[in-house]
Amino acid sequence: MKVHFVMHESFEAPGAFEDWVTARGYQASYSRVYNYDALPDDAAAFDLLVVLGGPQDPGTSLEQCPHFNAVAECELINKAISGGRAVVGVCLGSQLIGEALQATFAHSPEKEIGKFPIHLTEEGLANPKFSHFGKTLDVGHWHNDMPGLTADATIIARSEGCPRQIVEYSPLVYGFQCHMELTRDVVELLIQASEAELATLTDRRFVQQPAALRENDYTEMNQKLFVFLDKLVADYLAQ
């Protein structure tokens with residue numbers, strides 16, 4: 001399996017996704033767009049495309065952020081989908097999947113930063129890729145927006161602060177508004193990049209401050225992510 005990561009910022013790292021790639025003996029490649037790395041020309045070079053998060057949103061222009069080209073990333077996502085590849089988007093990446101499929105992103109009702117529960121919908125509980133999640137699972141969050149929904153999209157999980165936490169766009173294409181890839185190392189990178197902002201959010205009910213963020217255990221959600229990815233790969237290889 002060849003896995004390609006699109007990274008928008010150094011502090012929005014692959015985390016547990018990268019741990020999974022290493023543990024399974026798969027191959028990883030990267031477009032670190034914050035370093036102005038090129039995106040792949042097409043989907044021939046990978047089996048799974050993982051588009052990670054970032055402080056941008058799909059409406060961010062090249063004038064606002066010269067290293068982020070939302071149009072080009074949506075084109076790559078569409079190439080991956082039409083080429084039968086598996087695609088997973090996280091946070092900004094999930095919103096870009098929706099945009100690529102003509103579903104406009106939206107602001108989430110609440111800003112969520114920290115570790116809080118998501119709740120599986122009836123459709124999520126019935127979906128074999130998520131059968132190991134249980135009805136409720138504590139996962140990482142670091143967002144203020146959420147992905148758009150196509151006519152065929154299925155909401156797999158929601159939270160009290162966000163009604164679109166995991167979205168299935170097709171059996172090989174998934175958007176995760178939540179951050180199940182967070183590890184303590186990645187959280188530390190995010191804290192360092194966001195410390196000033198966090199200090200202004202002490203009154204938000206779904207925002208944890210650095211001390212709590214550092215104390216969270218992310219191991220269980222990482223393991224649940226690994227199982228989901230294994231199931232996704234199995235479906236990809238079976239097509």
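Residue positions are counted from 1 within each chain, in the order its sequence is given. Local features in a predicted model are, by the rule used here, given only for residues with pLDDT of at least 70; side-chain atom pairs are given and counted only at 80 or more, and totals for whole chains, interfaces and linings are based on all residues. Side-chain numbers come from the whole structure's heavy atoms, not from hydrogens or water.

Regarding the pairing of strand β4 (residues 86-90)
Counting buried residues in β4 gives five out of five residues, a clear majority hidden from the surface. The side-chain alternation of β4 yields two buried faces, one formed by Ala86, Val88 and Val90 and the other by Val87 and Gly89. As paired elements, strand β3 (residues 48-51) and β4 share four bridges and run parallel to each other. For Leu48, the partnering residue across the bridge sits in β4 and is Ala86. Note on handedness: a crossover is taken as right-handed if, strands pointing away from the viewer, the path from the first strand over the helix to the second is clockwise. The numbering of helices and of strands both runs from the N terminus, where a helix is a DSSP run of H or I of at least 4 residues and a strand a run of E of at least 2. For the crossover that starts at β3, traverses helix α2 (residues 70-82) and ends in the parallel β4, the hand is right-handed. Categorising residues by exposure relies on relative accessible area from a 1.4 Å probe, with only protein chains included: less than 20% of the type maximum marks a residue as buried, more than 50% marks it as exposed, and the intermediate range marks it as partly exposed. A pair of strands counts as paired when DSSP detects no fewer than two bridges linking them.

Here's the deal with helix α1 (residues 16-24)
Here α1 has its buried residues at Ala16, Phe17, Trp20 and Val21. Projected down its long axis, α1 carries its buried residues within an arc of 150°, all on one side. Facing away from the buried side of α1, by more than 90 degrees, are the exposed residues Thr22 and Ala23. Residue contacts follow a heavy-atom distance rule, with two residues in contact if any of their heavy atoms lie within 4.5 Å. In the core, the buried residues of α1 are packed alongside β1 (2-7), β2 (27-32), β3, β4 and α7 (219-238). Trailing α1 by a residue or two, Gly25 shows a phi angle of about 75°, which is positive. This arc is taken over the directions from the axis of the helix to the C-beta atoms.

A short note on the nonpolar core
We call a set of buried residues a nonpolar core when its members are Ala, Val, Leu, Ile, Met, Phe, Trp, Tyr or Cys and they connect through side-chain atoms within 4.5 Å of each other. Core analysis: the biggest nonpolar cluster contains 49 residues, and Phe17, Phe130, Ile166, Phe176, Met180 and Phe228 have the highest contact counts within it. With eight residues, the single largest contributor to this core is α7. When sequence neighbours within four positions are dropped, the list of residues in contact with Phe17 reads Phe5, Val50, Leu52, Val88, Val90, Glu181, Leu225 and Leu229. Within the second largest apolar cluster, 22 residues are counted, among which are Phe46, Phe68, Ile77 and Ala100.

That is the geometry; function is a separate question.
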